[in-house]
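Descriptive analysis of the structure
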Amino acid sequence: GPTVEFTLPFRLRFQGDVLYKRLDQASFLRAGGGTPPGLRRQAANSWEFPMALKYAWKYRGVRPFALAGGTFRRINSFEYSEERFGSPSAPYPLVRGRIEEPLTQGGWVAGGGVRFDVGRLKISPEIRYTRWTSLRFLPTQNQVEILLGVMF
């Protein structure tokens, strides 16, 4: 998605991103209490808006940087299905649903990377850690990503 970056004093920069992600999760449901085993699937569209301060310096023609800040995301079009596996001759019960009510979650980000200037292009591979404050729709609150930024 798009990114904007503003230069601030003291080698600081402000960076804001817009990231689209398709979230998918599948989990196995154990049998128990007369209920057969099954499979649960969840999917949603997510727009993330991380905003961070970056500190950059020059080192042998490249620009390493560290960043920290906050983020929030908007999850839309949440879909789910649950299927239970009974005997081989019986039809499998399947439940499907869709929730149209958007969900907004917040968190914080930290990361680092390096920027290479190639002519007018600025190429920035980065590793970023996100800690979400809510567990809704997530298998974990911790998220690590490798991102590649291309700016001009």
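Look up: the structure comes first, before these words.
Notes on the structure in this doc start here. (Residues numbered from 1 in each chain as written. Predicted model: local features only at pLDDT ≥ 70, side-chain atom pairs only at ≥ 80, totals over all residues. Heavy atoms only, no water.)

1. A look at the overall build of the protein chain
Definition in use: Note on conventions: DSSP H or I runs of at least 4 residues are helices, E runs of at least 2 residues are strands, and numbering of each starts at the N terminus. Radius of gyration: C-alpha atoms only; globule rule: 2.2 Å multiplied by the number of residues to the exponent 0.38. Exposed residues in this analysis have more than 50% of their type's maximum accessible area, buried residues have under 20%, and partly exposed residues fall in between, with area computed by a 1.4 Å probe over protein chains only. Residue contacts follow a heavy-atom distance rule, with two residues in contact if any of their heavy atoms lie within 4.5 Å. All accessibility values rest on the Shrake-Rupley procedure with a 1.4 Å probe; residue burial counts only the protein chains present in the view. His is not counted, nor are the chain ends, whereas Lys and Arg count as positive and Asp and Glu as negative. We put the charge of a Lys on NZ, of an Arg on CZ, of an Asp on CG and of a Glu on CD.
Per the secondary structure count, the protein chain includes 0 helices and 10 strands. In sequence order, the secondary structure elements of the protein chain are arranged as β-β-β-β-β-β-β-β-β-β. Compactness check: the protein chain gives a C-alpha radius of gyration of 21 Å against a globular reference of 15 Å for 152 residues, more than 25% above the reference. Each principal axis of the C-alpha atoms in the protein chain carries an extent, and together these give about 70 × 30 × 25 Å. The buried share of the protein chain, taken over its 152 residues, is 33%. Look at the contacts in the protein chain between residues 6 or more apart in sequence, and 56% of them connect residues 24 or more apart. Looking at the protein chain as shown, the accessible area adds up to about 9700 Å², and 61% of this sits on carbon and sulfur atoms. A distance of 7 Å separates the average location of the 22 positive side-chain charges in the protein chain from that of its 12 negative side-chain charges.

2. Notes on the packing of aromatic side chains
To be explicit about the condition: Here a Phe, Tyr or Trp ring, Trp counted by its six-membered ring, pairs with any other such ring whose centre lies within 6.5 Å, and the pair is stacked when the planes are under 30 degrees apart, edge-to-face when over 60, and tilted otherwise. Each ring is checked for a lysine NZ or an arginine CZ that lies within 6 Å of its centre and within 35 degrees of its normal; such an atom marks a charge sitting over the ring.
If you walk through the whole model with that rule in mind, you get 6 aromatic pairs. Between Trp108 and Tyr129, the aromatic rings sit 5.5 Å apart at their centres with planes inclined by 65°, giving edge-to-face as the arrangement. You can see Trp108 sitting in strand S8 (residues 103-118) and its partner Tyr129 sitting in strand S9 (residues 121-132), a full 21 residues away along the chain. In this structure Trp108 comes out as partly exposed when scored by relative accessible area, which is 42%. Sitting above the plane of the Trp132 ring, Arg73 keeps its charged end 4.2 Å from the centroid.

3. Description of the side chain of Lys21
To be explicit about the condition: Throughout this description, a polar contact denotes any pair of N or O atoms lying within 3.5 Å of each other; where both atoms belong to protein, one of them has to be capable of donating a hydrogen while the other can accept it, and for residues adjacent in sequence the pair is counted only when both atoms sit in side chains.
Among the structural elements, Lys21 can be located in strand S3 (residues 19-29). A distance of 3.1 Å separates the side chain of Lys21 from the side chain of Glu48, its partner in a polar contact. In this structure Lys21 touches Ala44, Asn45, Ser46, Glu48, Gln143 and Glu145, once residues within four positions along its chain are discounted.

4. Brief notes about unusual backbone geometry
In this structure, Phe10 is a non-glycine residue whose phi angle is positive, near 65°. Within the fold, Phe10 resides in the loop between strand S1 (3-7) and strand S2 (12-17). With a relative accessible area of 74%, Phe10 lands in the exposed category. Despite not being glycine, Ser77 has its phi angle at roughly 50°, a positive value. Turning to its location among the elements, Ser77 is positioned in strand S6 (residues 63-84).

5. Digging into the pattern of salt bridges
This is how it is decided: A carboxyl oxygen of Asp or Glu within 4 Å of a side-chain nitrogen of Lys or Arg is what we treat as a salt bridge.
As enumerated under the stated definition, the model contains 13 salt bridges in all. Close ionic contact of Arg22 with Asp24 constitutes a salt bridge, the shortest N to O distance being 4.0 Å. Among the residues examined, Asp24 registers a relative accessible area of 56% and is labelled exposed. A salt bridge links Glu79 to Arg22, with the shortest nitrogen-to-oxygen separation between them at 3.9 Å. One end of the pair, Glu79, is in strand S6; the other, Arg22, is in strand S3, and 57 residues separate them in sequence. In this structure Arg22 comes out as partly exposed when scored by relative accessible area, which is 39%.

6. A few points about the environment of Glu5
Looking at the secondary structure, you find Glu5 in strand S1. Sequence separation between Glu5 and Leu53 is 48 residues, and the spatial gap between their C-alpha atoms is 9.6 Å. Here the side chain of Glu5 touches Arg13 through a polar contact of 3.1 Å, side chain to side chain.

7. Quick word on the side chain of Gln15
Relative to the assigned elements, Gln15 resides in strand S2. When its relative accessible area of 7% is taken as the criterion, Gln15 is described as buried. A distance of 3.0 Å separates polar atoms of two side chains, one belonging to Gln15 and the other to Asp17. Those residues in contact with Gln15 that lie beyond four places of it in its chain are Thr3, Val4, Glu5, Pro50, Met51, Ala52, Lys54, Glu126 and Arg128.

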